[in-house]
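# Summary of the model geometry
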Amino acid sequence: MDTTNFWDVLLWSFWFFIWIAALMVWFRCLIDMFGDHTLSGWAKAGWVILLVFVPWLGALIYLIARGRSMADRQMKALAEQQAAQQEYIKQAAGTSASPAAQIADARALLDSGAINQTEFDSLKAKALA
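The numbers attached to residues start from 1 for each chain and follow its sequence in the written order. Only residues with pLDDT of at least 70 are given local features in this predicted model, and only at 80 or more are side-chain atom pairs given and counted; all residues enter the totals for whole chains, interfaces and linings. Calculation of side-chain values draws on the structure's entire complement of heavy atoms; hydrogens and water are dropped beforehand.

## Focus on the environment of lysine 44
Numbering of helices and strands starts at the N terminus; helices are DSSP runs of H or I of at least 4 residues and strands are runs of E of at least 2. Note on placement: lysine 44 falls in helix α2 (residues 41-53). Expressed as a C-alpha distance, the spacing of lysine 44 and arginine 73, which sit 29 residues apart in the sequence, is 16 Å. Sequence-distant contacts of lysine 44, that is, excluding residues within four places in its chain, are made with Met33, Phe34, Asp36 and Leu39. Note on contacts: a residue pair qualifies if any of its non-hydrogen atoms lie within 4.5 Å across the two residues.

## Observations regarding the packing of helix α1 (residues 6-35) against α2
Lines fitted to the C-alpha atoms define the axes, with helices restricted to the stretch that makes contact. Angles between their N-to-C directions range from 0 to 180 degrees. Viewed as axis vectors pointing N to C, α1 and α2 meet at an angle of 170°, and their least axial separation amounts to 10 Å. Considered as vectors, α1 and α2 are oriented roughly antiparallel to each other. Judged by residue contacts, Trp26, Cys29, Leu30, Met33 and Phe34 of α1 engage Lys44, Trp47, Val48 and Leu51 from α2. Along the lines of polarity and charge, the residues of the contact of α1 with α2 split into 8 nonpolar, no polar and 1 charged. Between 65 and 115 degrees an angle is taken as roughly perpendicular, under 35 as roughly parallel, over 145 as roughly antiparallel, and anywhere else as oblique. When residues are sorted by character, Ala, Val, Leu, Ile, Met, Phe, Trp, Tyr, Cys and Pro go into the nonpolar class, Asp, Glu, Lys and Arg into the charged class, and all the rest, Gly among them, into the polar class.

## Some details on the nonpolar core
In this description, a nonpolar core means a group of buried Ala, Val, Leu, Ile, Met, Phe, Trp, Tyr and Cys residues linked to one another through side-chain atoms lying within 4.5 Å. We call a residue buried when its accessible area falls under 20% of the maximum for its residue type, exposed when it is over 50%, and partly exposed in between, using a 1.4 Å probe and counting protein chains only. Within the largest apolar cluster, 10 residues are counted, these being Trp26, Cys29, Leu30, Met33, Leu39, Trp47, Leu51, Ala59, Tyr62 and Met70. Among the elements that take part in this core, α1 stands out by supplying 4 residues, more than any other. When neighbours within four sequence positions are excluded, tyrosine 62 is seen to be in contact with Cys29, Asp32, Met33, Trp47, Gly67, Met70 and Arg73. Core analysis: the second largest hydrophobic core is formed by 6 residues, Ile103, Ala106, Leu110 and Ile115 among them.

## Quick look at the side chain of arginine 66
When you line up the elements, arginine 66 lands in helix α3 (residues 55-93). Take arginine 66: its relative accessible area is 13%, and that puts it in the buried class.

## Concerning helix α5 (residues 117-128)
Residue count minus one, scaled by 1.5 Å, sets the expected span of a helix. Over its 12 residues, α5 runs 16 Å from end to end, which matches the ideal 16 Å to within 8%, given 1.5 Å per residue. One side-chain oxygen at the N-terminal end of α5 lies 3.2 Å from the backbone nitrogen of threonine 118; it belongs to asparagine 116. Polar contacts here mean pairs of N or O atoms no more than 3.5 Å apart (in protein, one a potential hydrogen donor and the other a potential acceptor; neighbouring residues in sequence count only if both atoms are side-chain atoms).

## Focus: the packing of helix α4 (residues 99-112) against α5
Each packed pair of helices is defined by two parameters, the angle between the axes and the distance between the axes. Remark: α4 packs on α5, axes separated minimally by 9 Å, with the N-to-C direction vectors making an angle of 175°. Classified by the angle between their axes, α4 and α5 sit roughly antiparallel to one another. Where α4 abuts α5, its residues Pro99, Gln102, Ile103, Ala106, Arg107 and Leu110 lie against Gln117, Phe120, Leu123, Lys124, Ala127 and Leu128. For the contact of α4 with α5, a count of residues per class yields 8 nonpolar, 2 polar and 2 charged.

## A few points about α3
Relative to the 57 Å expected for 39 residues at 1.5 Å per residue, α3 spans just 47 Å between its end C-alpha atoms, considerably shorter than the ideal helical length. A residue's bend is given by the angle between axes fitted to the 7 residues ending at it and the 7 residues starting at it. Along α3, the largest kink reaches about 70° and is centred on arginine 66. Listing the buried residues of α3 in full gives Gly58, Ala59, Tyr62, Arg66, Met70 and Arg73. Looking at the packing, one finds that the buried side of α3 touches α1 and α2.

## Observations concerning the packing of aromatic side chains
By convention, a stacked pair of Phe, Tyr or Trp rings (six-membered ring in the case of Trp) has centres within 6.5 Å and planes under 30 degrees apart, an edge-to-face pair has planes over 60 apart, and any other such pair is tilted. This structure, assessed with the given rule, holds 6 aromatic pairs. With a centroid separation of 6.2 Å and 35° between ring planes, the pair formed by phenylalanine 16 and tryptophan 19 is classed as tilted. Residue phenylalanine 16 and its partner tryptophan 19 are both found in helix α1; the two are separated by 3 residues, about one turn of the helix. Among the aromatic residues, those joined into a cluster by ring pairs are Trp12, Phe16 and Trp19. Placement of a positive charge over a ring is assigned whenever Lys NZ or Arg CZ falls within 6 Å of the ring centre and within 35 degrees of the normal to the ring plane. The ring of phenylalanine 120 is capped by arginine 107, whose NZ or CZ atom sits 4.8 Å from the centre of that ring.

Spelled out as structure tokens, the structure:
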């Protein structure tokens, strides 16, 4: 009976890990390339040809040539996403209006009789806080 020894399993696991890591790098290069709006169509076509026909060498060349700008684009996209998220949270929470606008809205509610003076004072204090 042929059994696989520990070192064969360890070596197989190592190569499997290397293969998965290389795939992740390759896909990251493709995603970055198609997400970069500064590259022309011809430049993207050239990178695709290189990445498809010589994938690991192409990914290595891509990382050397465009690695720094990859990080810059990723940080810029992350900052834009966080800003959009913060704006959405402000909009959903209703805090995008200025304190003066919030007080004016509360005054309109008080004048229409929808709220009483105590509620108006509470809304005014909340807007000023």
